[in-house]
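As a plain string of letters, each chain reads:
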Amino acid sequence: MGNRIQIVEVSPRDGLQADPADLSTATKIELVSRLAAAGHTRIEAASFVSPKAVPKMADGEGVMAGIDRVPGVRYSALALNQRGVERAIEAGADEINGVIVATETFSQRNQGATIEEAIARWRTISDTARAAGAATAVTISAACGCPFEGRVASSKIADIARIIADTEPDEIVVADTIGVGVPSQVVELFGLVAEAMPGAALRGHFHNTRNTALANIGAAVGAGVKVFDSSLGGVGGCPFAPRATGNVPTEDVVYMLHEMSYDTGLDLDALIATSTWLEEELGHEVPSLVAKAGGFPVATSE
Ligand code: ZN
């Protein structure tokens, strides 16, 4: 299936974590169900980080336990340390996603760890996840730029990928966490990361903070990347630019990919309907444009 592109839906975790609304556990579970019903086969459903650090995500166990598991759907969870991965496995996560921030300042502010410590934590997370039979993915965040250190050399991302290549993650995710990247940079990044970690599947996580996410995805697709994260409605702001948008909207990505003749397995109309539902649950407008405009117009005859 050469024209298949897989979308990892991150709204239940990455999205809701950064949204001003605080949804109930039941509503989060309903969101996950609706996403699976729209055709999603990979959903980032929960986070197992310190409940003190991220109170909104403290109900990870409750969300995972409440999900009506759909066969063929992989439910993933974020873990940043040993305790987190143990909780995620216990809760039944099929895939564990870890994070290494590419710059020292951001790593220490975001995770309270140096890059070296974050790499060591990833090794523990990866070992525990594998021992439990879970898939693993590691995100290198701030890959296109850092809110504290500014520009980040692509070679720095490749260096981190090279250091952790022996953990053999099922996927390595390049994340433009603050939405500053542009297509030429993205193509360079994926090229270097693929060299640094031969054989690993590549995945992109782009934020639309400066309106470049779709262009970056288009460029990455051209460079052979076949898996992307996106968030329904574009839910999940950028914490470093309070008035800006964050995650790229799933329905906008899916519209583009379908019109480019890629198959995502997703039902665009169902995504739009779910996005509209989510907007009501959140109590505020979401950034998606396709949810407002609809899909390609159907021809009308007189
Ligand atoms: Zn994100």
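This text follows the structure it describes.
About the thresholds
- Residues numbered from 1 in each chain as written.
- Predicted model: local features only at pLDDT ≥ 70, side-chain atom pairs only at ≥ 80, totals over all residues.
- Heavy atoms only, no water.
- Helix = DSSP H or I, 4+ residues; strand = E, 2+ residues; numbered from the N terminus.
- Rg over C-alpha atoms; globule rule 2.2 N^0.38 Å.
- Contact = heavy atoms within 4.5 Å.
- Lys, Arg positive; Asp, Glu negative; His and termini not counted.
- Charge placed at Lys NZ, Arg CZ, Asp CG, Glu CD.
- Donors = N, O, S within 2.8 Å, 3.2 Å for Na, K, Ca; no water.
- Tetrahedral: all angles 85-135°; square planar, octahedral: opposite > 155°, others 65-115°.
- Buried < 20%, exposed > 50% of the residue type's maximum accessible area, 1.4 Å probe, protein only.

Engineer: Give a description of the overall build of the protein chain that names residues and reports values.
Structural biologist: Across its full length, the protein chain carries twelve helices and eight strands. A globule of 302 residues ought to have a C-alpha radius of gyration of about 19 Å, and the protein chain, at 18 Å, matches this closely. In terms of overall dimensions, the protein chain has a C-alpha envelope of 65 × 40 × 40 Å along the principal axes. Here the contacts in the protein chain between residues at least 6 apart in sequence split such that 72% fall between residues at least 24 apart. Here the protein chain holds 23 positive side-chain charges and 38 negative ones, and the gap between their average locations is 5 Å.

Engineer: Break down the coordination of the zinc ion for me, citing the residues and quoting the values.
Structural biologist: For the zinc ion, every protein donor is listed as Asp-14 (OD), His-205 (NE2), His-207 (NE2) and Asn-247 (OD1), and the spread of their distances is 2.0 to 2.2 Å. For the zinc ion, the four donor atoms are set out with angles of 82 to 156° between them, so the coordination reads as irregular. By relative accessible area, His-205 is classed as buried at 10%. The exposure class of His-207 is buried, given its relative accessible area of 5%.

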